[in-house]
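# Descriptive analysis of the structure
The residues making up each chain are set out below.
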Amino acid sequence: MILGTPDNIPGEKGSKSHGGKGEYFVRTLLDGVPGSAFKYVRDLTLYPNSSIGEHLHSGDEEIYFIISGTGMMTVDGEECLVGPGSAILTQSGSYHGLRNEGAENLRIFVVCAKTVS
């Protein structure tokens, strides 16, 4: 069994993710599992007035699942307000970014997998 939990993975603070602004906290629960298409699974908290800058995904896809808070998600220039329960797919070849639009933390679960042809 491959298991990543907050008990055995402390996480870390960072700033200006992909050229965005402000700070975040990230815990990579799974990373580079051999024999799997999954590249990583992350639990990420984007603090108020912070953002993940728009960036390209090539050869992989990401799913963002919003756990709490509100944000503005941009995928290929299209913006959409997202909140708890929202799931957003970024396919290979797409640009995306996320801004925390609220006064509270924006907590997201991010899953990235290699593109399968």
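This section reports on the structure supplied with the text. (Residues numbered from 1 in each chain as written. Predicted model: local features only at pLDDT ≥ 70, side-chain atom pairs only at ≥ 80, totals over all residues. Heavy atoms only, no water.)

### Re the overall build of the chain
Check the secondary structure of the chain and you find zero helices and ten strands. Start at the N end of the chain and walk to the C end: the helices and strands fall as β-β-β-β-β-β-β-β-β-β. Taken over C-alpha atoms, the radius of gyration comes to 14 Å for the chain, in line with the 13 Å a tight globule of 117 residues would show. Across its three principal axes, the chain shows a C-alpha extent of roughly 40 × 35 × 25 Å. Evaluated residue by residue, the chain yields a buried proportion of 41% over its 117 residues. Across the chain, every contact between residues at least 6 apart in sequence was considered, and the portion connecting residues at least 24 apart equals 59%. By element, 52% of the accessible surface of the chain is carried by carbon and sulfur atoms, the whole surface being about 6700 Å². Taking the average place of the 9 positive charges on the side chains of the chain and the average place of its 14 negative ones, the gap between the two points comes to 6 Å. (Helix = DSSP H or I, 4+ residues; strand = E, 2+ residues; numbered from the N terminus. Rg over C-alpha atoms; globule rule 2.2 N^0.38 Å. Buried < 20%, exposed > 50% of the residue type's maximum accessible area, 1.4 Å probe, protein only. Contact = heavy atoms within 4.5 Å. Areas by Shrake-Rupley, 256 points an atom, 1.4 Å probe, with all protein chains shown as cover. Lys, Arg positive; Asp, Glu negative; His and termini not counted. Charge placed at Lys NZ, Arg CZ, Asp CG, Glu CD.)

### With respect to the sheet that holds strand 5 (residues 60-68)
Read from one edge to the other, the open sheet built from six strands follows the order 1-2-3-10-5-8, with strand pairing classed as antiparallel. Of all the strands in the sheet, just strand 1 (12-15) and strand 8 (87-90) have a single pairing partner and so form its edges. Between one strand and the next, the sheet's axes are offset by a mean angle of 25°, whatever the strand orientation. Bridge count for strand 1 against strand 2 (residues 23-31) is four bridges, and the pairing is antiparallel. Paired with E12 across the two strands is V26, which belongs to strand 2. (Pairing = 2+ DSSP bridges. Axes fitted to C-alpha atoms, helices over the stretch in contact; angles between N-to-C directions.)

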